[in-house]
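Residues per chain are reported as follows:
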Amino acid sequence: MSEALRLLRLAVAGRDYRYAPLAAAGKERVARAPRTRRILAENLLRHGEAGVAADVLDGKRVPMSFRPVRLIMQDLLGLPLLVDMVALRRAVAATGGDPARVNPAIPVDIVVDHSMTLMHWASPDARARNERTELESNRERFQFLRWCETGFERFRVVPPGKGIVHQVNLEHLSGVVTEIDDGSGEAPLLAPDTLVGTDSHTPMINGIGVLGWGVGGFEAEGVMLGRTITFQAPRVVGVRLVGRLRPGAVATDLALTMTERLRRLGVVEAFVEFHGPGLATLSVPDRATVANMCPEYGATAAYFPIDRRTIAYLVETGRGPAAEVAEAYAKAQQLWADDGEADAALGYDETIEVDLSAIGASVAGPSRPQDRMEISAVPSAMGKVLDERQRPRPRDLAQLTDGAVVIAAITSCTNTANPHAMLAAGLLARNARARGLLSRPWVKTSLAPGSAAVAGYLARAGLQEHLDALGFNIAGFACVTCNGMSGPLAPEIEQAITSNGLACAAVLSGNRNFAGRIHPLAPASFLASPALVVAYALAGSTLIDLEHDPLGTDSSGAPVRLADLWPDPNEVARLVAETITPDLFSETRAHLFEGSPDWQALPTAGTRTLYDFGQDSTYLGDPPYFSTPAGSTGVTTIRGLRPLAILGDQITTDHIAPVGHIPETSPAGRYLIARGITPRDFNSYGTRRAQPDVVVRSVFANIRLRNEMVGGQEGGLTRLEPGGEVMAIYDAAERYRDRGEASIVIAGRDYGSGSSRDTAARACLLAGIRAVVAESFERIHRTNLINAGILPCELPAGTTRKTLRLDGTETFDLEDLPAAFADALACTLVVRRADGATDRIAVHLRADTAEELETLRAGGLLPSIAGELGVH
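About the cut-offs
Residues numbered from 1 in each chain as written. Predicted model: local features only at pLDDT ≥ 70, side-chain atom pairs only at ≥ 80, totals over all residues. Heavy atoms only, no water. Helix = DSSP H or I, 4+ residues; strand = E, 2+ residues; numbered from the N terminus. Rg over C-alpha atoms; globule rule 2.2 N^0.38 Å. Contact = heavy atoms within 4.5 Å. Areas by Shrake-Rupley, 256 points an atom, 1.4 Å probe, with all protein chains shown as cover. Lys, Arg positive; Asp, Glu negative; His and termini not counted. Charge placed at Lys NZ, Arg CZ, Asp CG, Glu CD. Axes fitted to C-alpha atoms, helices over the stretch in contact; angles between N-to-C directions. Parallel < 35°, antiparallel > 145°, perpendicular 65-115°, else oblique. Left-handed = near helix turned anticlockwise from the far one by under 90°. Nonpolar A, V, L, I, M, F, W, Y, C, P; charged D, E, K, R; others polar. Buried < 20%, exposed > 50% of the residue type's maximum accessible area, 1.4 Å probe, protein only. Pairing = 2+ DSSP bridges. Phe/Tyr/Trp six-rings, centres within 6.5 Å; stacked < 30°, edge-to-face > 60°. Lys NZ or Arg CZ within 6 Å of the ring centre and 35° of its normal. Core = buried A, V, L, I, M, F, W, Y, C linked by side-chain atoms within 4.5 Å. Salt bridge = Lys/Arg side-chain N within 4 Å of Asp/Glu carboxyl O. Right-handed = clockwise from strand over helix to strand, strands pointing away.

Novice: Explain the overall build of the chain here, please?
Specialist: What the chain contains, in helices and strands, is 32 helices and 32 strands. Against the 2.2 N^0.38 benchmark of 29 Å for 872 residues, the chain shows a C-alpha radius of gyration of 26 Å, consistent with a compact globule. Along the first, second and third principal axes, the C-alpha atoms of the chain reach 75 × 70 × 55 Å. A fraction of 77% describes how many contacts in the chain between residues 6 or more apart in sequence connect residues 24 or more apart. Accessible surface, the chain as shown: approximately 29100 Å² in total, 49% of it carbon and sulfur. Of the side-chain charges in the chain, 87 are positive and 102 negative, and the distance between the mean point of each set is 1 Å.

If you want it as structure tokens, here you go:
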């Protein structure tokens, strides 16, 4: 805290507080600034950086530091960081230091929500069986997390079975404004609740007026160890909302529309801030649905301001005292938004207007969340998938055939945090049941809510029994299908699909439908509202036009259309008012950190400060990331790079390092079988990402990857050069490493979009990839590459892999790598062709701050941290 900044007093409900006044930077300056800039400025002011705070409020794109109040993680992405922390402790102890020095510097919560595979469904005991299987499959990982509960300070674990991280964060963990103990002994210091998270969907919390965003695992590790986050003060795009959603449209439709529009606009690395008269018509769950999709449109944050809707939501979810503090603080700090406020005078860098009344029922797919369409366009979109696979259109859709929906999953925090959307799904199920309709027998149906509160209000409304009758029994409170943990289909269904070569589809109420993510037997995946998921389960095919065609026939043989079943919005609103009460959330919150008896009984191994992974573990392993890669520190030239892959646009982190099913014939599958693991016990790539031997074998192992070096053939394949032998990308990387040759990847636009998983950078690092050259990068993966010591280089406008006529026989050099930071870091890509010709291209090294360049020159973040702790 800067001594020059005079703190002010604030009394709320009989308690005294202090706060760092934003007005110290100038009331008029604050009034002109978007609210996200105000929150960043408060963070800077509170830490003594008044000059930078003024520049940020004025909209200058200056380098700045950010110190979040807390860090949130989910288990798949958080567990490798904890393994790193333990390894650092062992290394510090080995050099005679105190291992207890390695501890989180800020509060950290990890929610165990990504470990469940949907093995059981459509039965009353599905949840209990899935939770039992989850514990059995992940016992070793869970034992380690139990040890972490006591092994680390300022660290809490939300055990499995409690809900999905972002919904838990929204409903329970945040009070919008937080109290900070600054050690002064005086009244508590108030500040905006700010956070970063290891999941790219962390911005869901923006829906409640909290500024937070997703970061890569390396960056989160730095935050845990007390480092600040440094970046260029972001561009802020204003989205002015007018009108209100018309009857029949839900927040999912708004979220998919915003994803389409903002991805087309281009908001990568920007803050998006919503304002305007339409804002008052959206509830916090509606806002959170839109904010959750933030990484799908590429922004860093998607912020909704604090207003009366925010305060009402805190009260509704049992946080009345926090609501009083939040309202008083927001008004004192010029963070409050009044109803109908246009915010026309705010200094947005760009503004677009969205008319809520123009939004209709939407679906996105078949493999990208920004590819929104009207529901009537789904048959055509699926038809294109069939054309690509040279499959004819089936004539009889009343059976399992091409285009069939084989997965219908109400899943993910995106929509299960929204009572209107969930109750609408229950009402549609009730109406369908009244007409005698059932889900088609080939559809794997499931309901995995994001919190127990959802189960509570569905039961209170009398709707869960109708969902159960259609096969939407609660299968768990976890992120399953959306995360790629959809599990097997019924054996007879899998056999029918494989023996007939069918191209089938999944429909889910999630946020991710990337190629190869949801299920290997569903090449197409469509995102939809929970109610539409139920409708597609009834129809059983994506080749049926739900807007015009019957979903089925009732008991009298009459056709039943979607319009016949769609719930009355007034009934939805009535049920929301009747069933959503504070006690639903307060009861859950009281036991949030208590696990089941089986969780509590898990044994742990190790001392108070050290943990032993064991030598034979295929889940946990000593991380090799702390040593500096040979020839990386401070180099100015890298020569002889071999291309592992030449790729197109929108290569996601799912392509780079998949999260779900491990095929038996994949490099990771072969490794596990050699270690005595049967395919039944493979679990997933995600659950094994704390084992480096599995991580390296996941590199570009996506079954839907198309590497142009092998003619765009599907799968994680490449050509070994010279010679042209086709093999798995991991196998080629190992051959190059054995020959002492490093690798490079060439790609198109938006490289590294999707999940924030740092595994995508770790796998590349372990595979010997030294650089990625692309037309553009998504924010989180770019920072992950830098923190892994891998060079992210951007091609100049107009230059692509196509204009360079690359075929994979080339080798590449990177010359003139900068030694000091400047506004534009230029270096040279040298292309050496097989015929002896050479091209030289000026590329931009995407180290956007001096700290990022320093990290690159140190060989990555973890070697840098190890050096600071005296570990060599």
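Novice: I'm lost on the packing of helix α16 (residues 419-434) against helix α17 (residues 452-460) in this one. Help?
Specialist: For any two helices packed against each other, one specifies the crossing angle of their axes together with the interaxial distance. Packing of α16 against α17 leaves a shortest axis separation of 11 Å and a crossing angle of 45 degrees. The angle between α16 and α17 falls in the class oblique. The handedness of the crossing between α16 and α17 is right-handed. Of the residues in α17, those touching α16 at Pro419, Met422 and Leu423 are Val454, Tyr457 and Leu458. Classifying every residue of the contact of α16 with α17 by side-chain character gives 6 nonpolar, no polar and no charged.

Novice: Explain helix α30 (residues 779-787) to me, please; I cannot follow it from the model alone.
Specialist: An α-helical turn contains 3.6 residues, so a residue and the one three or four places further along point in the same direction. Among the 9 residues that make up α30, 9 are buried, leaving the element largely enclosed by the rest of the structure. Of the residues trailing α30, glycine 789 is marked for its positive phi of about 80 degrees.

Novice: Could you clarify how one ought to interpret the packing of helix α4 (residues 75-94) against helix α6 (residues 139-151) in this entry?
Specialist: It is at 11 Å that the axes of α4 and α6 come closest, and there the two elements cross at 60 degrees. With respect to α6, the axis of α4 lies oblique. With respect to the hand of their crossing, α4 and α6 are arranged in left-handed fashion. For the pair α4 and α6, the contacting residues are Asp75, Leu76, Leu79, Leu82, Val83, Val86 and Arg89 in the first and Arg141, Phe144, Leu145, Trp147, Cys148 and Gly151 in the second. Split into classes, the residues belonging to the contact of α4 with α6 amount to 9 nonpolar, 1 polar and 3 charged.

Novice: For this particular structure, what's the right way to read the sheet that holds strand β10 (residues 211-214)?
Specialist: Strand order in the open sheet formed by 5 strands is β6-β5-β4-β9-β10, with parallel pairing between adjacent strands. Edge positions in the sheet fall to β6 (155-158) and β10, since each of these pairs with one other strand and no more. Averaged over neighbouring strand pairs, the angle between their axes works out to 20 degrees when direction is ignored. Taken together, the 4 bridges between strand β4 (residues 70-74) and strand β5 (residues 108-111) define a ladder with parallel strand orientation. Looking across to β5, one finds that isoleucine 72 is bridged to aspartate 109. Against the sheet, helix α2 (residues 35-46) engages β9 (194-197) and β10, with an angle of about 90 degrees to β10.

Novice: In this structure, what is going on with the packing of aromatic side chains? I would like to understand it.
Specialist: Any aromatic ring pair is given by two values, namely how distant the centres are and how the planes are angled relative to each other. The tally for this structure, following the rule as stated, stands at 14 aromatic pairs. Between phenylalanine 152 and phenylalanine 155, the ring centres sit 6.1 Å apart and the planes meet at 65 degrees, which makes this aromatic pair edge-to-face. One aromatic cluster in this structure is built from Phe144, Trp147, Phe152, Phe155, Tyr611 and Phe613. Of note, lysine 331 hangs over the ring of tryptophan 336, and the distance from its end group to the ring centre comes to 4.7 Å. Seen from the ring of tyrosine 619, arginine 688 lies directly overhead, with NZ or CZ sitting 4.0 Å from the centre.

Novice: What exactly am I supposed to notice about the sheet that holds strand β7 (residues 177-180) here?
Specialist: For sheets, the rule is that strands pair by backbone hydrogen bonds, running either parallel or antiparallel. Taken in spatial order, the 4 strands make up an open sheet running β1-β2-β8-β7, and their pairing is mixed. Only two strands of the sheet have a single neighbouring strand rather than two, namely β1 (8-12) and β7. Sheet twist, expressed as the mean angle between neighbouring strand axes with direction ignored, is 45 degrees. Pairing of β7 with strand β8 (residues 189-192) involves 4 bridges; the strand directions are antiparallel. If you follow valine 177 over to β8, its bridge partner there is proline 192. Relative to β1, helix α13 (residues 320-332) is tilted by about 145 degrees, and along the sheet it contacts β1, β2 (15-19), β7 and β8.

Novice: Can you walk me through unusual backbone geometry in this structure?
Specialist: Excluding glycine, most residues fall at negative phi; most peptide bonds, likewise, are trans. Cis geometry marks the peptide bond from glycine 365 to proline 366; its omega dihedral reads 10 degrees. Relative to the helices and strands, proline 366 resides in the loop between β16 (362-364) and β17 (372-374). At the junction of glutamate 721 and proline 722, the peptide bond is cis and its omega measures out at -5 degrees in the coordinates. In this structure, proline 722 sits in the loop between β25 (717-720) and β26 (725-728). Not every positive phi belongs to a glycine, and alanine 13 is a case in point at roughly 50 degrees. Here alanine 13 is to be found in the loop between β1 and β2. For arginine 154, which is not glycine, the phi torsion reads 55 degrees and is therefore positive. Mapped onto the secondary structure, arginine 154 falls in the loop between α6 and β6. With relative accessibility at 42%, the residue arginine 154 sits in the partly exposed group.

Novice: When you look at the nonpolar core in this model, what are you seeing that I'm missing?
Specialist: If you look at soluble globular proteins, the nonpolar side chains tend to sit buried side by side. Ranked by internal contacts, the top residues of the largest apolar core, which has 257 residues, are Phe144, Phe274, Phe700 and Tyr751. Excluding residues that lie within four positions of it along the chain, phenylalanine 700 makes contacts with Leu647, His655, Ile656, Leu705, Gly716, Ile729, Val745, Tyr751, Cys764 and Ile769. Residues Ile646, Leu806, Phe812 and Leu829 belong to the second largest nonpolar core, which totals 27 residues.

Novice: Any chance you could explain the pattern of salt bridges here in plain terms?
Specialist: For the coordinates displayed, the defined rule picks out 67 salt bridges. A salt bridge links aspartate 349 to arginine 37; the shortest N-O distance between them is 2.6 Å. Remark: arginine 37 occurs in helix α2 and aspartate 349 occurs in the loop between α13 and β15 (350-355); sequence separation between them is 312 residues. Taking the relative accessible area as the measure of exposure, aspartate 349 reaches 41% and is therefore partly exposed. With relative accessibility at 4%, the residue arginine 37 sits in the buried group. Counted as one network, the salt bridges with shared partners bring together Glu269, Arg782, Glu794, Arg846, Asp848 and Glu852.

Novice: Which parts of the structure should I look at to understand the pairing of strand β12 (residues 236-242)?
Specialist: Regular strands show a simple pattern: their side chains alternate between the two faces of the sheet. Most of β12 sits out of view: 6 of its 7 residues are buried. Pairing analysis gives 5 bridges linking β12 to strand β13 (residues 271-275), with the strands arranged parallel. Counted as the bridge partner of glycine 238 is glutamate 273 from β13. Each parallel crossover has a hand, and for β12 linked through helix α9 (residues 251-265) to β13 it is right-handed. Sheet topology places β12 next to β15; 6 bridges connect them, and they run parallel. In the sheet register, arginine 240 faces β15, and the bridge partner there is glutamate 353.

Read these as spatial facts, not as claims about activity.
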